Amino acid sequence: MHTITLINGDGIGPEISESVQRIIKASGLEINWDLQTAGSDVIEKEGVPLPERVIESIKKNKVALKAPVTTPIGKGFRSVNVQLRKTLDLYANLRPCKNLPGVETRFKDVDIVVVRENTEDLYAGVEEKIDEDTAHSIKIITRKASERICKFAFEYAIKNNRQEVCAVSKANIMKLSDGLFLECFRKVSAEYPQIKSREILVDNLCMQLVQDPTRFDVLVLPNLYGDIVSDLTAGLIGGLGVAQGANIGLDCAVFEPVHGSAPDIKGQNKANPTALLLSAIEMLKYINEYSYAEKIEKALFKTLSQGYKTADIGGNLTTTEFTNKIIENL
């Protein structure tokens, strides 16, 4: 039996976590969930949003499924997500974006994979206040991090029969930092002649994505651009409620949805568990439980194609009703 860390988050996190646990159990796969709490609700009890026990659990189990955790805007504690990625060196953020059956969108045949560097750039959080009217943030780009994320993108392309890797930057303006990222991409791409490579500026990419997203296959980006672009590509397939994600390092991996904790609908049984479920399906593939991953994915797709959906993607089912329909289709 697999032992997997489950961080059930806050806001809608516990609701969608329960949904995914029910679906996996109904599939016949027994998992020993090592339940861990983190985020704003934990601060009152333990003084920190990410207790050391959570880190130790992931280090021990090597795999975690994480529901969303609230990050305060403009004040308060630093992002739990960022802390996890840096502490565990989860250097690769993987966000596949593909059209789902039954989810109406402006574009068809979208199948893009966003590979985002996860440990540096402006997300390193190196900031200083110069005076009352001026603040500085330091953008950190290193050769080590850039080369390994580019290698990850090309290796992913080979393993998943993708045709092209496209590097995204703003190297025309940030000639040193983004210039270094691009230099690393060119070096790594030469090692993978079987995969096409190209380069694009991030502003041009955003324009082209909303014109014809089928032009793109695998995108590799520094941290900030990757965060922004992955939300854009999520919008192409129906929104954050159906967008999955994974944070992968050399020793362990944390699977999580792209969306936030949605505290405005907490406890209302309205949340869409699809993104967390898709993340869990990727997690099952990661631990080599392919048959269960395929079984659950087919049940989800059948449910969506039958028109059973939550409100955020045009339906009227509650979280519980949608979960029950997926379990019926198993």
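Residues numbered from 1 in each chain as written. Predicted model: local features only at pLDDT ≥ 70, side-chain atom pairs only at ≥ 80, totals over all residues. Heavy atoms only, no water.

## Examining the overall build of the protein
Logical step 1: In terms of helices and strands, the protein carries 11 helices and 12 strands.
Logical step 2: Radius of gyration (C-alpha) of the protein: 20 Å, near the 20 Å computed for a compact globule of 330 residues.
Logical step 3: Looking at the protein residue by residue over its 330 residues, the buried ones come to 54%.
Logical step 4: Within the protein, contacts between residues at least 6 apart in sequence are counted, and of these 73% link residues at least 24 apart.
Logical step 5: When the accessible surface of the protein is totalled, it reaches about 14,900 Å², and 50% of it is carbon and sulfur.
Logical step 6: Where the 40 positive side-chain charges of the protein centre and where its 44 negative ones centre are 3 Å apart. (Helix = DSSP H or I, 4+ residues; strand = E, 2+ residues; numbered from the N terminus. Rg over C-alpha atoms; globule rule 2.2 N^0.38 Å. Buried < 20%, exposed > 50% of the residue type's maximum accessible area, 1.4 Å probe, protein only. Contact = heavy atoms within 4.5 Å. Areas by Shrake-Rupley, 256 points an atom, 1.4 Å probe, with all protein chains shown as cover. Lys, Arg positive; Asp, Glu negative; His and termini not counted. Charge placed at Lys NZ, Arg CZ, Asp CG, Glu CD.)

## Observations concerning the side chain of Arg95
Logical step 1: In this fold, Arg95 is placed in strand β4 (residues 92-98).
Logical step 2: Taking relative accessible area as the criterion, Arg95 reaches 5% and is therefore assigned buried.
Logical step 3: Engagement of the side chain of Arg95 in a polar contact is seen with the side chain of Asn93, the distance being 2.9 Å.
Logical step 4: At 2.5 Å, the side chain of Arg95 and the side chain of Ser230 are in polar contact.
Logical step 5: Residues contacting Arg95, with those up to four places away along its chain left out, are Arg85, Ile112, Val113, Val114, Arg116, Asp227, Ser230, Asp231, Gln244, Gly245 and Val258. (Polar contact = N/O pair within 3.5 Å; in protein donor to acceptor, adjacent residues only side chain to side chain.)

## Topic: the pattern of salt bridges
Logical step 1: Enumeration over the complete set of coordinates arrives at 23 salt bridges.
Logical step 2: The closest approach of N and O atoms between Asp178 and Lys139, which form a salt bridge, is 3.1 Å. Taken together, the residues Asp178 in helix α6 (residues 177-189) and Lys139 in the loop between β7 (134-137) and α5 (143-159) connect sequence positions 39 residues apart. Grouping residues by exposure puts Asp178 and Lys139 together as buried.
Logical step 3: Among the salt bridges present, the one from Arg143 reaches Glu183, with a minimum N-O distance of 3.0 Å. In this pair, Arg143 is assigned in helix α5 and Glu183 in helix α6, connecting sequence segments 40 residues apart. (Salt bridge = Lys/Arg side-chain N within 4 Å of Asp/Glu carboxyl O.)

## A look at the side chain of Thr319
Logical step 1: Summarising the element assignment, Thr319 is placed in helix α11 (residues 319-329).
Logical step 2: The residues contacting Thr319, other than those within four sequence positions of it, are Ser19, Asn269, Lys270, Ala271 and Pro273.

## What to know about α11
Logical step 1: Among all positions of α11, only Thr319, Phe322, Thr323, Ile326 and Asn329 are buried. For α11, the arc enclosing every buried residue in end-on projection is 125°, short of the 170-degree limit, so these residues lie on one face.
Logical step 2: Looking at the buried positions of α11, the neighbouring elements they touch are α1 (13-26), α9 (274-286) and α10 (290-305). (Arc of directions from axis to C-beta.)

## Considerations on the packing of helix α7 (residues 202-211) against helix α8 (residues 223-236)
Logical step 1: Look at α7 against α8: their axes get within 11 Å of each other, and the N-to-C directions meet at 5°. One way to sum up the angle between α7 and α8 is to call them roughly parallel. In contact with Val202, Leu205, Cys206, Leu209 and Val210 of α7, α8 contributes Tyr225, Val229, Leu232, Thr233 and Leu236.
Logical step 2: Split by residue class, the contact of α7 with α8 holds 9 nonpolar, 1 polar and no charged. (Axes fitted to C-alpha atoms, helices over the stretch in contact; angles between N-to-C directions. Parallel < 35°, antiparallel > 145°, perpendicular 65-115°, else oblique. Nonpolar A, V, L, I, M, F, W, Y, C, P; charged D, E, K, R; others polar.)

## A word on helix α3 (residues 52-61)
Every α-helical turn comprises 3.6 residues, leaving residues that sit three or four positions apart pointing alike.
Logical step 1: Among the residues making up α3, those that are buried are Val54, Ile55, Ser57, Ile58 and Asn61. Axial view of α3: buried residues confined to an arc of 160°, hence all on one face.
Logical step 2: Of the surrounding secondary structure, the elements contacted by the buried residues of α3 are β1 (2-7), β2 (31-36), β3 (63-66), α4 (80-87) and β12 (253-257).

## What about the environment of Gln306?
Logical step 1: Tracing the backbone through its elements, the reader meets Gln306 in the loop between α10 and α11.
Logical step 2: Take Gln306: its relative accessible area is 39%, and that puts it in the partly exposed class.
Logical step 3: When the C-alpha atoms of Gln306 and Lys325 are compared, they prove to be 9.9 Å apart, with 19 residues separating the residues in sequence.
Logical step 4: At 3.0 Å, the side chain of Gln306 forms a polar contact with the side chain of Asn329.

## Considerations on the nonpolar core
Logical step 1: The biggest cluster of nonpolar side chains holds 82 residues, and the ones touching the most others in it are Leu65, Val115, Ile149, Val165, Leu205, Leu219 and Val220.
Logical step 2: Beyond its immediate chain neighbours, meaning those up to four positions away, Leu219 contacts Ile112, Val113, Val114, Val115, Cys166, Val168, Leu205 and Val229.
Logical step 3: Grouped together as the second largest cluster of nonpolar side chains are 14 residues, Val54, Ile58, Leu84 and Val254 included. (Core = buried A, V, L, I, M, F, W, Y, C linked by side-chain atoms within 4.5 Å.)

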